[in-house]
Amino acid sequence: MTVKYTKDHEYIRVDGTTGIVGITPYAQEQLGDIVFVELPAVGKVLKQGDEAAVVESVKAASEIYAPASGTVSEVNSTLSGEPGLINTAADSDGWIFKLTLADPAELDGLMDADAYAKITD
């Protein structure tokens with residue numbers, strides 16, 4: 001499974017043609033306690049860079065952008081009742097949505113873990 005990162009602190013874990021999207025542990029740490037998540041609609045078609053979701057914390061609201069183009073195939077509905085899951089498990093159970101990728105080649109323009117680590121130091 002490949003994991004790529006955006007400059008806006010989203011991650012996408014790619015398994016075949018499906019991408020699992022969430023925010024990085026660094027991003028959730030910067031936001032503080034997450035109190036609300038606005039999930040995208042299943043079936044929504046997104047272009048790379050489109051606003052896909054919103055997370056609200058005690059500090060601020062932050063848009064979550066699509067790291068790649070595709071169609072939302074699933075959302076993490078657990079977050080509706082338990083948004084703090086992003087704080088406790090940002091890169092595992094705290095994923096936000098799944099995307100069926102339209103153009104996997106777009107992922108080549110994203111950062112790998114080493115490159116992402118350099119921008120968060």
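Here, every reference points to the structure presented above.
Quick summary incoming for the structure in this document. (Residues numbered from 1 in each chain as written. Predicted model: local features only at pLDDT ≥ 70, side-chain atom pairs only at ≥ 80, totals over all residues. Heavy atoms only, no water.)

Considering a negative patch on the surface
So, step 1. There is a patch of like negative charges on the surface, built from E38, D50, E51, E56 and E63.
So, step 2. Among the secondary structure elements, E51 is positioned in strand β6 (residues 51-57). (Patch = residues over 30% accessible without salt bridge, like charges linked within 9 Å, V, L, I, M, F, W, Y side chains within 5 Å. Areas by Shrake-Rupley, 256 points an atom, 1.4 Å probe, with all protein chains shown as cover. Salt bridge = Lys/Arg side-chain N within 4 Å of Asp/Glu carboxyl O. Lys, Arg positive; Asp, Glu negative; His and termini not counted. Charge placed at Lys NZ, Arg CZ, Asp CG, Glu CD. Helix = DSSP H or I, 4+ residues; strand = E, 2+ residues; numbered from the N terminus.)

Side note on the environment of L107
So, step 1. Following the sequence through the fold, L107 ends up in the loop between β9 (97-101) and α4 (113-120).
So, step 2. Owing to a relative accessible area of 9%, L107 belongs among the buried residues under this scheme.
So, step 3. When residues no more than four places from it in sequence are discounted, the contact partners of L107 are K4, I12, V14, A68 and L101. (Buried < 20%, exposed > 50% of the residue type's maximum accessible area, 1.4 Å probe, protein only. Contact = heavy atoms within 4.5 Å.)

Let's talk about the packing of aromatic side chains
So, step 1. By the definition in use, this model includes one aromatic pair.
So, step 2. Taken together, a centroid distance of 4.8 Å and an interplanar angle of 15 degrees make the contact between Y5 and Y116 stacked. Of this pair, Y5 sits in strand β1 (residues 2-5) while Y116 sits in helix α4, placing them 111 residues apart in sequence.
So, step 3. Judged by relative accessible area, Y5 falls into the buried class, the value being 17%.
So, step 4. Positioned over the ring face of W95 is K98, at 5.1 Å from the centre of the ring. (Phe/Tyr/Trp six-rings, centres within 6.5 Å; stacked < 30°, edge-to-face > 60°. Lys NZ or Arg CZ within 6 Å of the ring centre and 35° of its normal.)

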